[in-house]
Amino acid sequence: MRLSDHLAEGAILVPVTAATRAELFPLLVDALCCAHGLSDRDQILSSVFEREAKMSTAVGQGIAIPHARVESAHGLCAAVAVCPGGLDFPAPDGAPVRLVVLLLSPPSAAGLHVKALAAVGRLGQARVCELLSSRDASEFLDRLRADEDLVGK
């Protein structure tokens, strides 16, 4: 599973100055909708907030993976935010979140959705640090692809 195959450059926000999830989620959903041609922004945003209300999507090591499943998704799609100042998410390790990967998929793609969650969760601290040092969206995507190429070999 290559996250980069589901991530458009226009859906990568580097850097983001949002201080809270309430500020960040609308930015991520807007970028996701624009980059992937989705028109039901309000429903997607509501689904993301509903999922987050059930349980924090911070997984530790500075990573959060907010996600939702909506009928309008054409398949798995993603948006990313690099937050150098860190966000206050309830994380298992208490670390501020600096990399946020929003995943969206239709209910029929449950298997792919779980694989994407696992792929992000496996990034590890060294790879996250490298991605966080990206100057722009293009560099972020290049670094992610290079890492995926190495892991795939």
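Note: the structure precedes this text.
Right, let's walk through the structure included here. Just so it is clear, the structure is predicted and the values come from calculations on it, not from any experiment.

Rules used throughout
- Residues numbered from 1 in each chain as written.
- Predicted model: local features only at pLDDT ≥ 70, side-chain atom pairs only at ≥ 80, totals over all residues.
- Heavy atoms only, no water.
- 1 Å grid on protein atoms, 1.4 Å probe; cavity = no way out; pocket = protein on both sides within 12 Å on 5 of 7 lines; lining within 4 Å.
- Points joined across faces, edges and corners; volume = space filled by probe spheres on them.
- Helix = DSSP H or I, 4+ residues; strand = E, 2+ residues; numbered from the N terminus.
- Nonpolar A, V, L, I, M, F, W, Y, C, P; charged D, E, K, R; others polar.
- Expected span 1.5 Å × (residues − 1).
- Buried < 20%, exposed > 50% of the residue type's maximum accessible area, 1.4 Å probe, protein only.
- Arc of directions from axis to C-beta.
- Contact = heavy atoms within 4.5 Å.
- Phe/Tyr/Trp six-rings, centres within 6.5 Å; stacked < 30°, edge-to-face > 60°.
- Lys NZ or Arg CZ within 6 Å of the ring centre and 35° of its normal.
- Pairing = 2+ DSSP bridges.

A look at empty space enclosed by the protein
Next, step 1: Evaluated as defined, the whole model comprises one cavity of 30 Å³ or more.
Next, step 2: In this model, the largest cavity occupies a volume close to 30 Å³.
Next, step 3: As for the largest cavity, its lining consists of Leu-3, Val-80, Leu-99, Val-101, Leu-123, Leu-131, Phe-140 and Leu-144.
Next, step 4: When residues of the lining of the largest cavity are traced back to their parent elements, those giving at least two are strand 6 (97–105) and helix 5 (137–152).
Next, step 5: The class makeup of the residues in the lining of the largest cavity is eight nonpolar, no polar and no charged.

A word on helix 3 (residues 110–121)
Next, step 1: With 12 residues, helix 3 should cover 16 Å at 1.5 Å per step; its first-to-last C-alpha distance of 17 Å lies within 8% of that length.
Next, step 2: Burial in helix 3 covers these residues: His-113, Ala-116, Ala-119 and Val-120. Down the axis of helix 3, the buried set is contained in an arc of 125°. They therefore lie on one face.
Next, step 3: The inward-facing, buried residues of helix 3 contact strand 3 (63–64), strand 4 (67–69) and strand 6.

Quick notes on the packing of aromatic side chains
Next, step 1: A complete count under the given rule lists two aromatic pairs for this structure.
Next, step 2: Here the aromatic cluster, defined as three or more aromatic residues joined through ring pairs, consists of Phe-25, Phe-49 and Phe-89.
Next, step 3: A cation over a ring is seen here: Arg-21 above Phe-89, with NZ or CZ 5.1 Å from the ring centre.

Considerations on the pairing of strand 6
Next, step 1: Judged by how many residues are buried, strand 6 sits mostly within the fold: eight of nine residues are covered.
Next, step 2: Bridge count between strand 3 and strand 6: two bridges; the pairing is parallel. Bridge assignment links Ile-63 to a residue of strand 6, and that residue is Leu-99.
Next, step 3: Where strand 4 lies against strand 6, three bridges are found, and the strand directions are parallel. Of the residues in strand 6, the one forming a bridge with Ala-68 is Leu-104.

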